[in-house]
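Descriptive structure summary
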Amino acid sequence: MTLTSPSLGSSAGWTDARLLYALEEVVEKELDRHLKVAKDWMPHEYVPWSDGRNFPGFFEDGEAWDPSQSKVTDIGKTALVVNLLTEDNLPSYHHEIASLFGRDGAWGTWVHRWTAEEGRHGIVMRDYLLASRAVDPDKLEQFRMAHMSEGFESDNRHSMLHSVAYVSFQELATRISHRNTGHQSGDPVCDRMLARIALDENLHMIFYRNLLKAALEIAPDLAMQAVRDVVVGFRMPGHGIPGFERAAAQMAIGEIYNMRIHHDDVLEPVIRHLKVLDIDGLGPEGLRAQEELGLYMNGLDAEAAKFDEKLAARKARMAARAAG
């Protein structure tokens, strides 16, 4: 990579435009790698169409939805709705990253490719839910309208580096959420579908993680501050979904996504892979951000331990009631 912008390690002079230019070669390299390893797949091949039947409305033979028609567990239903509604906001996500990264060159090619791949996720999940009658279709559409009508604004839209840092963690978080939802769904068809989606999310995480690595090399102080800010203030993109707080609590207890999973399976792997806490040669601001990140991770681990204890106690009570 040839740098004609500010010197390594210096925060002065780095703008989003200069960072985009400096990272263009990395984006091109990562895009080429991604296109070689990514495999096209057909959403319709993962949907149990033979389970489908008409709903009431225009069809005289329409059959009303009933909870007994679903094979999916209660926690699986909750997580599937949250995951799908999150995917539904793809138009807003595309707008966010296209505005930050641009629509030209390697950056633009990646933005459009990422959007196209993500589009499959919402397609296959909704088709599965409707064909298998896993959830109430009317409520699902009402939730979608309410969620998308609110719009979406990223917490990190002010900074390209913050956005790259965020998606490095968020793509992995989404992958983990999908995989655990599949495991807890009680339906092998659902598990298979979500496993396929998770493969895409993992490749997206690798793309952004490698981009973040390059950013830490060329602008370490600014990138370190971005990582610190993103980790400390992390929120999943679906936080605006109606009833999200209650659903998130249920998903935490159901071990689909909780504090322990967030620390061990999302934050820690990325931080460890990039050796974020071991980077030296930082300036005062970068060093302070690195120290604060380490302290936060230690505190989160301690809070996760408390959550683990409460969850174990809850399981013990439920087991005792079941045995009695």
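For the structure, see preceding data.
Scope of this entry: the structure provided in the associated data block. Everything numeric here is computed off the predicted structure, so don't read it as measured data. (Residues numbered from 1 in each chain as written. Predicted model: local features only at pLDDT ≥ 70, side-chain atom pairs only at ≥ 80, totals over all residues. Heavy atoms only, no water.)

**Some thoughts on the packing of aromatic side chains**
A full pass over the atoms with the stated rule returns seven aromatic pairs. With 5.4 Å between their ring centres and 85° between their planes, phenylalanine 207 and tyrosine 208 make a pair best called edge-to-face. The same class applies to phenylalanine 207 and to tyrosine 208, which are both buried. Grouping aromatic residues by their ring pairs yields a cluster made of Trp110, Phe207 and Tyr208. When the ring centre of phenylalanine 55 is taken as origin, the NZ or CZ atom of arginine 133, which lies over that ring, is 4.0 Å away. Its end group placed over the ring of tyrosine 46, arginine 192 keeps NZ or CZ at 4.3 Å from the ring centre. (Phe/Tyr/Trp six-rings, centres within 6.5 Å; stacked < 30°, edge-to-face > 60°. Buried < 20%, exposed > 50% of the residue type's maximum accessible area, 1.4 Å probe, protein only. Lys NZ or Arg CZ within 6 Å of the ring centre and 35° of its normal.)

**Observations regarding the pattern of salt bridges**
Going through the model one piece at a time under the given rule, you end up with 20 salt bridges. Residue arginine 228 is joined to glutamate 292 by a salt bridge in which the shortest nitrogen-to-oxygen separation is 2.6 Å. On the criterion of sequence distance, the pair formed by arginine 228 in helix 9 (residues 220–232) and glutamate 292 in helix 12 (residues 284–323) is long-range, its members being 64 residues apart. The partly exposed category is assigned to glutamate 292, whose relative accessible area is 34%. (Salt bridge = Lys/Arg side-chain N within 4 Å of Asp/Glu carboxyl O. Helix = DSSP H or I, 4+ residues; strand = E, 2+ residues; numbered from the N terminus.)

**Digging into helix 9**
In this model, helix 9 (13 residues) spans 18 Å end to end at C-alpha, consistent with the 18 Å of a helix rising 1.5 Å per residue. Burial analysis of helix 9 places 10 of its 13 residues in the buried class, which makes it a mostly covered element. Taken as a whole, helix 9 has its buried residues at Pro220, Asp221, Ala223, Met224, Gln225, Ala226, Val227, Arg228, Val230 and Val231. Against the buried residues of helix 9 lie helix 7 (160–184), helix 8 (188–218), helix 11 (259–274) and helix 12. (Expected span 1.5 Å × (residues − 1). Contact = heavy atoms within 4.5 Å.)

**So, the environment of glycine 122**
Here glycine 122 lies in helix 5 (residues 105–131). On the basis of relative accessible area, glycine 122 is assigned to the buried category, the value being 11%. On a C-alpha basis, the gap between glycine 122 and aspartate 88 in space is 6.1 Å, while along the polypeptide they are 34 residues apart.

**Comments concerning the nonpolar core**
Grouped together as the largest cluster of nonpolar side chains are 63 residues, with contacts concentrated most on Leu23, Phe101 and Phe169. For this core, the element with the most residues is helix 8, which contributes 11 residues. Excluding residues within four positions of it along the chain, leucine 23 makes contact with Trp107, Met160, Leu211, Ala214, Ala215 and Ile218. Formed by 28 residues, the second largest nonpolar core is a distinct cluster that contains Ile75, Met193, Ile241 and Ala247. (Core = buried A, V, L, I, M, F, W, Y, C linked by side-chain atoms within 4.5 Å.)

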